[in-house]
Amino acid sequence: MTSGRSNWWYCCSGCANKLAPFSGLFKELLSHRTPESRLLLIRGNGGLTNVNFQGKESINQVPTCVTPAQLQDESWMAQTNLTNIHCSNCDTHVGWKIINELSNHPIVRPGQYILRIDSENEIIYWERPRPR
Ligand SMILES: [Zn+2]
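As annotated in an unreviewed UniProt entry, the protein carries the name Protein yippee-like and comes from Vitis vinifera.

Structure (C-alpha cells):
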C-alpha cells in the first residue's frame with residue numbers, strides 16, 4: 001500500500017506551488033468556511049513548505065508584526081496573534097502562522113499554521129509523482 005494520499009498537497013491558489021502535504025492537515029476551521037474559501041489548521045510539524053513571511057523573511061524568524069485575531073470553530077474560540085504567510089513563488093497571501101495563543105487552548109497552539117484555500121480552485125489537492 002504505497003499509494004494513498006502521501007503525494008497529495010494543498011497548493012497556492014495563485015501559482016499551484018505546493019504548500020502543505022495532505023497529511024499536515026490538523027483540522028478545517030468549519031466556522032470560518034465561506035462559499036469562497038476554507039481555513040485549514042496545519043500542524044506545526046506538518047511539512048508546510050514554500051512559504052515566507054512578508055518581505056520574504058523565513059517563517060522561522062521572529063515576525064516583525066503580528067495581528068490579534070480570534071479563531072473559532074463549532075464549540076470553541078481561541079485568542080491568537082497571527083502573522084501573514086505568503087507563497088515563496090508568487091507572493092500570494094496564503095494564510096497565517098500562529099505566533100501566540102493567549103488562552104492556553106487545547107487545539108490551537110503557537111507554531112501552527114492556517115492556510116486559506118480557495119473553494120473554487122480545482123487544485124486544492126494536487127497529486128504528482130515523487131521526484132526520481
Ligand atoms: Zn503561489
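**Student:** Explain the overall build of the protein here, please?
**Tutor:** The helix and strand inventory of the protein stands at zero helices and 10 strands. If you list the helices and strands of the protein from N to C, you get β-β-β-β-β-β-β-β-β-β. Among the 132 residues that make up the protein, the fraction classed as buried is 24%. In the protein, the share of contacts with a sequence separation of at least 24, taken over all contacts with a separation of at least 6, comes to 52%.

**Student:** Please clarify how the nonpolar core should be interpreted in this entry.
**Tutor:** Among soluble globular proteins, nonpolar side chains are generally buried collectively. Within the largest apolar cluster, 24 residues are counted, with the highest numbers of intra-cluster contacts made by Tyr-10, Leu-19, Leu-40, Tyr-113, Ile-114 and Leu-115. For this core, the elements supplying multiple residues, two or more each, are β1 (8-11), β2 (18-21), β4 (37-42), β7 (76-87), β8 (93-101) and β9 (113-118).

**Student:** When you look at the environment of Ser-31 in this model, what are you seeing that I'm missing?
**Tutor:** As for its placement among the helices and strands, Ser-31 is situated in the loop between β3 (25-28) and β4. Accessibility expressed as a C-beta count within 10 Å gives 13 for Ser-31, which makes it partly exposed. Considering only alpha carbons, one finds Ser-31 and Ser-75, 44 residues apart in sequence, at a separation of 9.3 Å. Beyond its immediate stretch of four places on either side in the chain, Ser-31 contacts Gln-72, Asp-73 and Glu-74.

**Student:** Could you clarify how one ought to interpret the environment of Asp-118 in this entry?
**Tutor:** Within the secondary structure, Asp-118 is located in strand β9. Considered as a pair, Asp-118 and Gly-14 are 104 residues apart in the sequence and their alpha carbons are 9.7 Å apart.

**Student:** Would you take a moment to explain the pairing of β2 for this structure?
**Tutor:** Successive residues of a regular strand alternate their side chains across the two faces of the sheet. Pairing of β1 with β2 involves three bridges; the strand directions are antiparallel. Residue pairing for β2: Cys-11 is matched across the bridge by Lys-18. Between β1 and the antiparallel strand that follows it, β2, lie six residues; Ala-16 among them carries a positive phi value of about 70°.

**Student:** Just to check I follow, could you spell out the environment of Thr-80 for this structure?
**Tutor:** By secondary structure assignment, the location of Thr-80 is in strand β7. A sequence separation of 19 residues divides Thr-80 from Ile-99, and the C-alpha atoms of the two residues are 7.3 Å apart. If sequence neighbours within four positions are ignored, Thr-80 has contacts with Ala-69, Leu-71, Ile-98, Asn-100, Glu-101, Leu-102 and Val-108.

**Student:** It is not clear to me how unusual backbone geometry should be interpreted in this structure. Could you clarify?
**Tutor:** For residues that are not glycine, phi is negative in most cases, and the peptide bond is trans in most cases. The backbone of Lys-56 sits at a positive phi, close to 65°, despite the residue not being glycine. Turning to its location among the elements, Lys-56 is positioned in the loop between β5 (51-53) and β6 (67-73).

Definitions and limits used
Residues numbered from 1 in each chain as written. Predicted model: local features only at pLDDT ≥ 70, side-chain atom pairs only at ≥ 80, totals over all residues. Helix = DSSP H or I, 4+ residues; strand = E, 2+ residues; numbered from the N terminus. Buried ≥ 20, exposed ≤ 12 C-beta atoms within 10 Å, placed from the backbone. Contact = placed C-beta atoms within 7 Å. Core = buried A, V, L, I, M, F, W, Y, C linked by C-beta atoms within 7 Å. Pairing = 2+ DSSP bridges.

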